[in-house]
Amino acid sequence: MSLVYRHVVSHRWERARTLRQLKAGHIRREAVCDADFLLRTAAAYHGYRVERACPVCGEEDLYEVRWIYGDKLGKRSGTARQEDEIARIASEVDEPVTVHLVEVCRSCWWNHILTAAVAGIE
Ligand SMILES: [Zn+2]
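Residues numbered from 1 in each chain as written. Predicted model: local features only at pLDDT ≥ 70, side-chain atom pairs only at ≥ 80, totals over all residues. Heavy atoms only, no water.

A short note on helix α1 (residues 12–23)
Part 1: Taking 1.5 Å per residue, twelve residues should reach 16 Å; α1 reaches 16 Å between its end C-alpha atoms and fits that length.
Part 2: All of the buried residues along α1 are Arg 15, Thr 18, Leu 19 and Leu 22. The buried residues of α1 occupy an angular sector of 95° when projected down its axis, which confines them to one face. For α1, the exposed residues set more than 90 degrees away from the buried face come down to Trp 13 and Arg 20. (Helix = DSSP H or I, 4+ residues; strand = E, 2+ residues; numbered from the N terminus. Expected span 1.5 Å × (residues − 1). Buried < 20%, exposed > 50% of the residue type's maximum accessible area, 1.4 Å probe, protein only. Arc of directions from axis to C-beta.)

A look at the pairing of strand β5 (residues 97–105)
Part 1: Buried residues dominate β5, accounting for seven of its nine residues.
Part 2: Sheet analysis places strand β3 (residues 62–69) next to β5, joined by eight bridges and oriented antiparallel. Opposite Glu 64, over in β5, you have Glu 103 as the bridge partner.
Part 3: As paired strands, β5 and strand β6 (residues 111–121) are joined by eight bridges and run antiparallel to one another. Across the sheet, the residue bridging to Val 97 is Ala 119, located in β6. (Pairing = 2+ DSSP bridges.)

A look at the coordination of the zinc ion
Part 1: For the zinc ion, the full set of protein donor atoms is Cys 54 (SG), Cys 57 (SG), Cys 105 (SG) and Cys 108 (SG), and the range of their distances to it is 2.3 to 2.4 Å.
Part 2: Each of the four donor atoms around the zinc ion contributes to a set of angles spanning 106 to 112°, which defines the coordination as tetrahedral.
Part 3: Counting gaps between the donor residues of the zinc ion yields the pattern C-x2-C-x47-C-x2-C. Considered together, Cys 105 and Cys 108 belong to a single accessibility category, that of buried residues. (Donors = N, O, S within 2.8 Å, 3.2 Å for Na, K, Ca; no water. Tetrahedral: all angles 85-135°; square planar, octahedral: opposite > 155°, others 65-115°.)

Examining helix α3 (residues 37–45)
Owing to its 3.6 residues per turn, the α-helix aligns residues three or four sequence positions apart on the same side.
Part 1: Burial in α3 covers these residues: Leu 39, Arg 40, Ala 42 and Ala 43. Seen from one end, α3 has its buried residues packed into an arc of 165°, which puts them on one side. Looking at α3, the residues exposed on the side facing more than 90 degrees away from the buried face are Phe 37, Leu 38 and Tyr 45.
Part 2: Those residues of α3 hidden inside the fold are in contact with β2 (48–49), β3, β4 (79–81), β5 and β6. (Contact = heavy atoms within 4.5 Å.)

Dropping the structure here:
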């Protein structure tokens, strides 16, 4: 059994547009660098550091973290999870588990969704 992602929707275009608007001064940095304590902590504990610089501050303190959502997940819906946990949860519940991959900068608090997908076991 392995974890597979289906119906992957990229948010790359919205991310690029947001970064362009920020660079052009159309939106304020505080409006997009607003990762709250929970998100920043989840990024460190459930996510992983990526080998690229933050698109806003340039620091190499960028993480990716997965958040899961689903009607049958109960309190687990809306929590950050590592992939082994997502695989276990997806095998337990009899419904698709929505997974949002989110980019989080621990330096400037920039955050943006990268992809949304449906996790399953096959
Ligand atoms: Zn940053």
